[in-house]
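Single-letter residue listing:
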Amino acid sequence: GENVEQHPSTLSVQEGDSAVIKCTYSDSASNYFPWYKQELGKRPQLIIDIRSNVGEKKDQRIAVTLNKTAKHFSLHITETQPEDSAVYFCAASPSGGSYIPTFGRGTSLIVHP
Amino acid sequence: DTEVTQTPKHLVMGMTNKKSLKCEQHMGHRAMYWYKQKAKKPPELMFVYSYEKLSINESVPSRFSPECPNSSLLNLHLHALQPEDSALYLCASSQKFGNQPQHFGDGTRLSIL
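Residues numbered from 1 in each chain as written. Chains lettered and ligands numbered in written order. Predicted model: local features only at pLDDT ≥ 70, side-chain atom pairs only at ≥ 80, totals over all residues. Heavy atoms only, no water.

(A) The overall build of chain A, seen in detail. If you tally the helices and strands in chain A, you get 0 helices and 11 strands. Listing the helices and strands of chain A from first to last along the sequence gives β-β-β-β-β-β-β-β-β-β-β. Taken against the 2.2 N^0.38 rule, which gives 13 Å for 113 residues, the C-alpha radius of gyration of chain A at 14 Å falls within 12% of a compact globule. The dimensions of chain A, computed from C-alpha atoms along their principal axes, are 45 × 30 × 20 Å. Counting all 113 residues of chain A, 43% fall into the buried class. Pairs at least 24 apart in sequence give 53% of the contacts found in chain A among residues at least 6 apart. On chain A, roughly 5600 Å² of surface is accessible, and the fraction owed to carbon and sulfur atoms is 46%. Distance between charge centroids for chain A: 5 Å, based on 11 positive and 12 negative side chains. (Helix = DSSP H or I, 4+ residues; strand = E, 2+ residues; numbered from the N terminus. Rg over C-alpha atoms; globule rule 2.2 N^0.38 Å. Buried < 20%, exposed > 50% of the residue type's maximum accessible area, 1.4 Å probe, protein only. Contact = heavy atoms within 4.5 Å. Areas by Shrake-Rupley, 256 points an atom, 1.4 Å probe, with all protein chains shown as cover. Lys, Arg positive; Asp, Glu negative; His and termini not counted. Charge placed at Lys NZ, Arg CZ, Asp CG, Glu CD.)

(B) Fine view of empty space enclosed by the protein. Taken as a whole and judged by the stated rule, the model has 2 cavities of 30 Å³ or more. Estimates place the volume of the largest cavity at around 70 Å³. Looking at the largest cavity, it is lined by 13 residues, and the ones nearest its centre are Tyr-32, Ser-93 and Pro-101 of chain A together with Gln-100 and Gln-102 of chain B. Of all the secondary-structure elements, those providing two or more residues to the lining of the largest cavity are strand S4 (30–38) of chain A together with strand S4 (31–37) of chain B. (1 Å grid on protein atoms, 1.4 Å probe; cavity = no way out; pocket = protein on both sides within 12 Å on 5 of 7 lines; lining within 4 Å. Points joined across faces, edges and corners; volume = space filled by probe spheres on them.)

(C) Molecular detail of the environment of Leu-75 of chain A. Residues and elements named next belong to chain A. Structurally, Leu-75 can be placed in strand S8 (residues 72–77). When the C-alpha atoms of Leu-75 and Asp-49 are compared, they prove to be 9.7 Å apart, with 26 residues separating the residues in sequence. In contact with Leu-75, other than residues within four places in its own chain, are Ala-19, Val-20, Ile-21, Trp-35, Ile-47, Ile-48, Ile-62, Ala-63 and Tyr-88.

(D) The arrangement of the environment of Ser-108 of chain A in detail. Here Ser-108 of chain A is to be found in strand S11 (residues 107–112). Discounting residues that sit within four places of it in the chain, Ser-108 of chain A has contacts with Ser-9, Thr-10, Leu-11, Ala-86 and Val-87 of chain A.

(E) Just the state of the cysteines, in detail. If you walk through the whole model with that rule in mind, you get 2 disulfides over all chains. Cys-23 of chain A shares a disulfide with Cys-90 of chain A; S-S distance 2.0 Å. Classification of the bridge connecting Cys-23 of chain A and Cys-90 of chain A rests on its S-S torsion, roughly -100°, and on that basis the disulfide is left-handed. In this pair, Cys-23 of chain A is assigned in strand S3 (residues 19–25) and Cys-90 of chain A in strand S9 (residues 86–94), connecting sequence segments 67 residues apart. Using a relative accessible area of 1% as the deciding quantity, one classes Cys-23 of chain A as buried. Note on cysteine connectivity: Cys-23 of chain B is disulfide-linked to Cys-91 of chain B, with sulfurs 1.9 Å apart. (Disulfide = S-S within 2.5 Å.)

If you want it as structure tokens, here you go:
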């Protein structure tokens, strides 16, 4: 089955700095890679996703890059703000079969004002 | 606004009780999911319904019984739960089953005494 590794487990930055969270996956059949943000006591919310036919996708301060050859994808947040503080989960879903997403263990991002 | 509505928000029950969790979405999505989430962990998939049919059961104990009365509603019936079942139970939906963005509800925080 799929295995998703996510690093770091905790990331502490100053407001205005950039933050990068990295994930690797094991199943070359995975072709959909969403990122979810979960604030304390709240629901996971999709913030950005990427499919395997695309190498990079941006949405304002957030970007995701995908390297299919190396089987890794990363979340980039620029100009971080305190409201970016949350747990971020990456996930990988296969292109067929069960389509079950496998989540990474999560990264707790803390943005200090 | 939360597009996936879950009730109740909190539930405390004894090990001999029977209760139900409810989930509703009006986005016209045809896939609905139940996840279990422990503190500081990623969501764990329990069940998937696609077009009101159970598509995936991730080897969940029979004390959890899902039901999908129609395309907008998803229930999770609980009976004879154990203390280790205490967790946040999240419902999600997506346009269809497959590699689609999932929309999560706020969850039901369940405590088993």
